[in-house]
Amino acid sequence: MDILKRFLSYVSIESTAGDEKESTCSDEKMLVLADKLLDELQKLNPNEIAINQFGVIDAKFEGNSSKPMIALLAHMDTSPSASDKDVKASVVDYKGGDIKLNDSLSLTVKDFPTLNQAIGHQVIVTDGTTLLGGDDKAGIAIIMDALTSIIEGKENHRPLEIIFTTDEEIGADAKHVSLDNVASKYGYTVDGGDYKYLSIESFTAYSMNVMVSGKSIHPGYAKDKLVNASNVFIMFFNALPEYLRPEHTEGREPFYHLCSFSGNEDGAKAEMIVRSFDDVQINQMLDLARLSAKRINDSLGYEAITLDIKQSYRNMRVVLDKYPEIQKEIEGVYKALGLPYNYVAVRGGTTGSQLSFVGLPCPNIGTGDYNCHGRFEYVDLDEMKTMAKVVKLLMKA
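The model shown is predicted, which means the values in this text are computed figures rather than measured ones.

Reading guide: rules and limits
- Residues numbered from 1 in each chain as written.
- Predicted model: local features only at pLDDT ≥ 70, side-chain atom pairs only at ≥ 80, totals over all residues.
- Heavy atoms only, no water.
- Helix = DSSP H or I, 4+ residues; strand = E, 2+ residues; numbered from the N terminus.
- Rg over C-alpha atoms; globule rule 2.2 N^0.38 Å.
- Buried < 20%, exposed > 50% of the residue type's maximum accessible area, 1.4 Å probe, protein only.
- Contact = heavy atoms within 4.5 Å.
- Areas by Shrake-Rupley, 256 points an atom, 1.4 Å probe, with all protein chains shown as cover.
- Lys, Arg positive; Asp, Glu negative; His and termini not counted.
- Charge placed at Lys NZ, Arg CZ, Asp CG, Glu CD.
- Pairing = 2+ DSSP bridges.
- Salt bridge = Lys/Arg side-chain N within 4 Å of Asp/Glu carboxyl O.
- Core = buried A, V, L, I, M, F, W, Y, C linked by side-chain atoms within 4.5 Å.
- Patch = residues over 30% accessible without salt bridge, like charges linked within 9 Å, V, L, I, M, F, W, Y side chains within 5 Å.

K.L.:
Please explain the overall build of the protein as it appears in this structure.
P.N.:
On a plain count of helices and strands, the protein comes out with ten helices and 18 strands. Over its C-alpha trace the protein gives a radius of gyration of 23 Å, about what one expects of a compact globule, namely 21 Å for 397 residues. Within the protein, the fraction of its 397 residues that count as buried is 52%. A sequence separation of at least 24 residues applies to 77% of the contacts in the protein between residues at least 6 apart. Here the protein has roughly 17700 Å² of accessible surface; of this, 49% comes from carbon and sulfur atoms. Side-chain charges of the protein comprise 41 positive and 58 negative groups, with the mean position of each set lying 2 Å from the other.

If you want it as structure tokens, here you go:
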């Protein structure tokens, strides 16, 4: 099976992350993909393979090299920000210009200039009704393509550990990994975008749930009595800097992001996330949110707004800077293949963002996936094939 057919078979399986559960993955639909991957791995005759209650797969292959065992990781779930039900993918021989997805939606060079670097490549797109699922089924396809080539070709390789996780998109996948079963001392998450980008740095991340209690009064008799909970949340949201929102930030700039909101006069609730690469900066941002809520509560005369703030993960650079040999290894692979590379901070999180802090340091490498989490997502097939070569050489290194 070539890497394109493999990838298309994976994205055909619905695996959207849902609400976190205690004893299984967030949505059992992703177990269909887990069963498929389990079967594919078993056919490669691993020395050890297991799947846990959360659907996380861990397969180990003994090597014939003195190199240490490494883990290659990718996640099965897709973002709940857009549907991945009945993905209709197509391959475009891209010669430049805009790509029409459907009668009302196009992937434009103006909005997505990364298309310019795909000229002359094959590009995989959707029909504009779903996301594609390259995040991170492109990573799974890359790992499985490289692994299959090595095992079926009976090529020499180092000891390998393949870990496919669930619920990365809701920040729960690292908790699902059975760490007692992990044998590798370090690994690589295959969960990035541009093939040239290597990442040893991610956001430090917090969730911020906002609860608002209002005072509902019939609008005809509401003067000086009504406290509309929805309006109170709007006041709070607008008290945070407008230009520290994702649509206005890039590079190393932080943000506040409103993920969901629901409410009426009597009550409102919102799910927000706060992101920064700097611990001092993110604490200042959280303090500003707390102060804004306090000032609004003081003006209303009661605790209308309550905040539930929890850390999701930390910038993995805190750990990875202690392991320069891992960086040298991946740099060596790129140099051996004659590929350019740059270190870029991930404006998000990876499985490695959490696993790095519990004993499995994991830089992140690319997959050729762009514009993930939405209908404009596309995968550069040529880049995906290039990354399969990178991962294969890592496995052989």
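K.L.:
Is there a simple way to think about the pairing of strand 7 (residues 122-125) in this case?
P.N.:
Put simply, side chains in a regular strand alternate between the two faces of the sheet. Note that strand 4 (residues 90-93) and strand 7 share four bridges and pair antiparallel. Bridge pairing links Val-92 to Val-123 in strand 7. In the sheet, strand 7 pairs with strand 18 (residues 378-380) via two bridges, with the strands oriented antiparallel. The partner of Val-123 across the bridge, within strand 18, is Asp-380.

K.L.:
Whenever I open this one, the pattern of salt bridges confuses me. Can you help?
P.N.:
A side chain of one charge can pair with a side chain of the opposite charge when the charged atoms of the two come close. In the structure shown here, the tally under the stated rule is 21 salt bridges. Between Asp-27 and Lys-29 there is a salt bridge, with its nearest N and O atoms 2.7 Å apart. In this structure, the salt-bridge partner of Asp-58 is Lys-60, at a minimum N-O distance of 3.1 Å. We note that Asp-58, like Lys-60, is buried. Taken together, the shared-partner salt bridges in this structure form one network comprising Glu-48, Asp-58, Lys-60 and Glu-161.

K.L.:
What am I meant to see in the nonpolar core here?
P.N.:
For soluble globular proteins, nonpolar side chains are generally found buried alongside one another. Of all hydrophobic cores here, the largest spans 55 residues; its most connected members are Phe-164, Met-384 and Met-395. Here the element with the most residues in this core is helix 3 (residues 134-152); it accounts for ten residues. If we skip the residues at most four places from it in the chain, Met-384 touches Ile-3, Phe-7, Ile-124, Ala-138, Ala-141, Ile-142, Thr-367 and Val-379. The next biggest cluster of nonpolar side chains, apart from the first, holds 25 residues, and it includes Phe-233, Phe-237, Ala-293 and Tyr-302.

K.L.:
How should I be thinking about a nonpolar patch on the surface in this particular structure?
P.N.:
On the surface, a cluster of nonpolar side chains totalling about 300 Å² of accessible area is made up of Leu-179, Val-318, Phe-357 and Val-358. Within the element layout of this structure, Phe-357 appears in the loop between helix 9 (351-355) and strand 16 (364-365).

K.L.:
When you look at the sheet that holds strand 18 in this model, what are you seeing that I'm missing?
P.N.:
Within a beta sheet, neighbouring strands are joined by backbone hydrogen bonds and run either parallel or antiparallel to one another. Taken together, the four strands give an open sheet; going across it, the order is 4-7-18-17, and neighbouring strands pair in antiparallel fashion. Sheet topology places strand 4 and strand 17 (369-370) at the edges, where each strand pairs with a single neighbour.

K.L.:
Sorry if this is basic, but what is going on with unusual backbone geometry here?
P.N.:
Trans is the common state for peptide bonds, and a negative phi is the common state for residues other than glycine. Of note, the bond from Asp-135 into Asp-136 is cis; its omega dihedral lies within 30 degrees of zero at 15 degrees. As for its placement among the helices and strands, Asp-136 is situated in helix 3. Unlike most non-glycine residues, Asn-45 shows phi in positive territory, near 55 degrees. Tracing the sequence through the fold places Asn-45 in the loop between helix 2 (30-42) and strand 1 (48-51). A residue is classified by how much of its surface remains accessible, and Asn-45, at 62% relative accessible area, is exposed.

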